[in-house]
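Understanding the architecture of this molecule
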Amino acid sequence: MKSLPLDRKPSGKSTVMCGDKEVSVHSTCVFCASCAGIRVNRRVTPNPYAQAMRGSKGGFSLDEQLMDGMVLFNTVIEDKNATDIECSDDAGSGYQPISRRR
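Quick summary incoming for the structure in this document.

The rules behind each value
Residues numbered from 1 in each chain as written. Predicted model: local features only at pLDDT ≥ 70, side-chain atom pairs only at ≥ 80, totals over all residues. Heavy atoms only, no water. Pairing = 2+ DSSP bridges. Helix = DSSP H or I, 4+ residues; strand = E, 2+ residues; numbered from the N terminus. Axes fitted to C-alpha atoms, helices over the stretch in contact; angles between N-to-C directions. Phe/Tyr/Trp six-rings, centres within 6.5 Å; stacked < 30°, edge-to-face > 60°. Buried < 20%, exposed > 50% of the residue type's maximum accessible area, 1.4 Å probe, protein only. Expected span 1.5 Å × (residues − 1). Arc of directions from axis to C-beta. Contact = heavy atoms within 4.5 Å.

Some thoughts on the sheet that holds strand β7 (residues 82-87)
Taken together, the 4 strands give an open sheet; going across it, the order is β1-β7-β5-β6, and neighbouring strands pair in antiparallel fashion. Looking along the sheet, the strands with just one partner apiece sit at the ends: β1 (2-5) and β6 (43-46). The sheet shows a mean angle of 35 degrees between the axes of neighbouring strands, taken without regard to direction. Bridge count between strand β5 (residues 35-40) and β7: 5 bridges; the pairing is antiparallel. When the sheet's bridge partners are listed, Gly-37 is paired in β7 with Glu-86.

Next up, the structure:
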């Protein structure tokens, strides 16, 4: 498990170095299978979007659960005490989507 330090831009965008390129935390990490969570001070908050995806049983509320998970992820990222993304991609292969289209 590695920690990817957040780089907060003046525009409000937060990025990390993923693989060999800089990516947006808000639009990439939230949907990445390697994202284990967000470090806030000493505590790691698990990726709420990934938890909603893993815990889903299908049905009409799945969209709502995923939206809530995404909003919660982005809310935690905006916390001024959030410092790193915990990433399980030790091989350095980069972004891997949680879900794949069939």
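The structure having been displayed, the exposition proceeds.
Some points on the packing of aromatic side chains
Applying the stated criterion across every chain yields a total of 1 aromatic pair. Measuring from centroid to centroid gives 5.0 Å for Phe-31 and Tyr-49, while their planes differ by 90 degrees, and the two rings are edge-to-face. Taken together, the residues span a long stretch of sequence, with Phe-31 in the loop between β4 (21-24) and β5 and Tyr-49 in helix α1 (residues 48-54) at a distance of 18 residues. A residue is classified by how much of its surface remains accessible, and Phe-31, at 24% relative accessible area, is partly exposed.

Regarding unusual backbone geometry
One non-glycine residue, Asn-41, adopts positive backbone phi at about 55 degrees. With respect to the helices and strands, Asn-41 occurs in the loop between β5 and β6. A residue is classified by how much of its surface remains accessible, and Asn-41, at 51% relative accessible area, is exposed.

Regarding helix α2 (residues 62-77)
For α2, which comprises 16 residues, the first-to-last C-alpha distance of 23 Å matches the rise-based estimate of 22 Å (1.5 Å per residue) to within 8%. Every buried residue of α2 is accounted for by Leu-62, Leu-66, Gly-69, Phe-73, Val-76 and Ile-77. Take α2 and look down its axis: the buried residues cluster within an arc of 105 degrees, on one side only. Of the exposed residues in α2, the ones pointing more than 90 degrees away from its buried face are Asp-63 and Glu-64. On its buried face, α2 is in contact with β2 (7-8), β3 (14-18), β5, β6, α1 and β7.

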